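Chain and residue survey
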Amino acid sequence: MALQRKLLMIVLDGLAWRAARRLMGNLEGWVGSGEARVWRMRSVLPSTSGPCYASIHTGVPPQVHGITSNQTVRRLNLPDIFSAVSGADGVTGAVTHSDWSRMFNRDPFDPVRDIEFDDDSLPIRHGRLHTMTGESRDNQMTPSDVDLFATLTSLIGRFGLDYGLLHTCTLDSMSHRFGQDCSAMDLACYTVDASLAGFLPAWRAAGYEVIVTADHGHSDRGHHGGNAPDMRDFPVYYFGDARGPDEDVLLDQLQLAPTILSRFGLPIPESMQARPFLEGRVTD
């Protein structure tokens, strides 16, 4: 089945809704100019990274996929975006934390084998991964976001990705260390936003729809996992020509996977019960 378009999803781990709307000047500028749209999305519970990663790509809640904490990450046996796209002969790529590879490619993660791979037999065909081994409150161990954006751009140029995922933990690590309401987080959001702005126009010019989103929010004390809106709510910025809901509609994280498959023109598995939030083209 021929894919109808190309798409990139950029996951800025821990980018809370309120921080995005206040501090992401480039993204908000594109919304203001009409080149992008933004919605508020609410995460699954628990609002913890591993469960959210799994739900983003399978479209089912943690109570179904079984990733209920960062300590229960394992290979999933459910329909997911990577498997669907590669199964349709699409070219997939990921520049992400190693947990994504563990859930959607192979587990356990072997740093020598899996840090960098190009293998058409895998759901994620082209991977450039990082582990953040040794990470703590005082030692973030996060790669430069510019390096990650450049790596994704390199994969696009070398392999012609149909679907590419990029995931960075910079904002999540900074918020765990400093909390949300502080000058350190102001600068962190500004820096990520400015770095992304150096690459996003080229991705659009190359024909990609782009979704910039997060996995969860953060509290002022630098915590997430619970049910409060500050821990669960994050933005979804969309660059493309599809129709979407009114901007005051609260979206569900489980809508991401079926939405992305629908943008490719691929069948939506029965396991994905949420409704896509993007449809057709603006001119349809």
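Here goes a summary of the coordinates provided. (Residues numbered from 1 in each chain as written. Predicted model: local features only at pLDDT ≥ 70, side-chain atom pairs only at ≥ 80, totals over all residues. Heavy atoms only, no water.)

Here's the deal with the overall build of the protein
In terms of helices and strands, the protein carries 13 helices and nine strands. Here the C-alpha atoms of the protein give a radius of gyration of 17 Å, agreeing with the 19 Å that 2.2 N^0.38 yields for 284 residues. Overall, the C-alpha framework of the protein stretches about 50 × 45 × 35 Å when taken along its three principal axes. Partitioning the intrachain contacts of the protein with sequence separation of at least 6 by distance along the chain shows that 70% fall at a separation of at least 24. About 11,200 Å² of surface is accessible on the protein, with carbon and sulfur atoms providing 50% of the total. (Helix = DSSP H or I, 4+ residues; strand = E, 2+ residues; numbered from the N terminus. Rg over C-alpha atoms; globule rule 2.2 N^0.38 Å. Contact = heavy atoms within 4.5 Å. Areas by Shrake-Rupley, 256 points an atom, 1.4 Å probe, with all protein chains shown as cover.)

Some points on the environment of H167
Of note, H167 is situated in strand β6 (residues 163-168). For the pair H167 and Y53, spaced 114 residues apart in sequence, the C-alpha separation works out to 9.8 Å. For H167, the side chain forms a polar contact with the side chain of D13, separated by 2.8 Å. (Polar contact = N/O pair within 3.5 Å; in protein donor to acceptor, adjacent residues only side chain to side chain.)

Observations concerning the sheet that holds strand β7 (residues 208-213)
On the basis of which strands lie adjacent, the open sheet formed by nine strands has the order β4-β5-β3-β6-β1-β7-β8-β2-β9 and mixed pairing. Each edge of the open sheet is held by one strand with a lone partner, namely β4 (116-118) and β9 (250-252). Within the sheet, the average angular offset between the axes of one strand and its neighbour, ignoring direction, is 20°. Direction of pairing for strand β3 (residues 92-97) relative to strand β5 (residues 126-130): parallel, over a ladder of five bridges. Counterpart to H97 in the pairing with β5 is H130. Across the face of the sheet, helix α13 (residues 256-264) comes into contact with β1 (6-12), β2 (37-42), β6, β7, β8 (233-239) and β9 while running at roughly 160° to β1. (Pairing = 2+ DSSP bridges. Axes fitted to C-alpha atoms, helices over the stretch in contact; angles between N-to-C directions.)

Overview of the packing of aromatic side chains
Counted by the stated rule, this structure contains ten aromatic pairs. Taken together, Y53, F82, W100, F104, Y163 and F264 form an aromatic cluster joined through their ring pairs. Cation over ring: K6 sits above Y208, and NZ or CZ is 4.4 Å from the ring centre. Sitting over the face of the ring of F117, R106 holds its NZ or CZ atom 5.7 Å from the ring centroid. (Phe/Tyr/Trp six-rings, centres within 6.5 Å; stacked < 30°, edge-to-face > 60°. Lys NZ or Arg CZ within 6 Å of the ring centre and 35° of its normal.)

Describing helix α9 (residues 170-178)
Taken residue by residue, α9 has T170, L171, D172, S173, M174 and S175 as its buried positions. At its buried positions, α9 is contacted by β1, α8 (145-159), β6 and α10 (183-197). The first or second residue beyond α9 is G179, which carries a positive phi of 80°. (Buried < 20%, exposed > 50% of the residue type's maximum accessible area, 1.4 Å probe, protein only.)

Focus on the pattern of salt bridges
This model, assessed by the stated rule, comprises 17 salt bridges. Between R128 and E116 there is a salt bridge whose closest N-O contact spans 3.8 Å. Taken together, the residues R128 in strand β5 and E116 in strand β4 connect sequence positions twelve residues apart. A cluster of three or more residues bridged by salt bridges with shared partners is formed by R5, E209, D241 and R263. (Salt bridge = Lys/Arg side-chain N within 4 Å of Asp/Glu carboxyl O.)

Remarks on the pairing of β6
Most of β6 is tucked away, with six of its six residues classed as buried. The alternating pattern of β6 places Y163, L165 and H167 on one face and G164, L166 and T168 on the opposite face, and all of these are buried. Here β1 runs beside β6; their pairing, made up of six bridges, is parallel. The residue of β6 that forms the bridge with L7 is Y163. Across four bridges, the pairing between β3 and β6 is parallel.

Remarks on α13
In terms of residue burial, α13 counts as a mostly covered element, since eight of its nine residues are buried. Residues of α13 that are buried include every one of L256, A257, P258, T259, I260, L261, R263 and F264, and no others. Downstream of α13 by one or two residues, G265 has phi in the positive range, about 80°.

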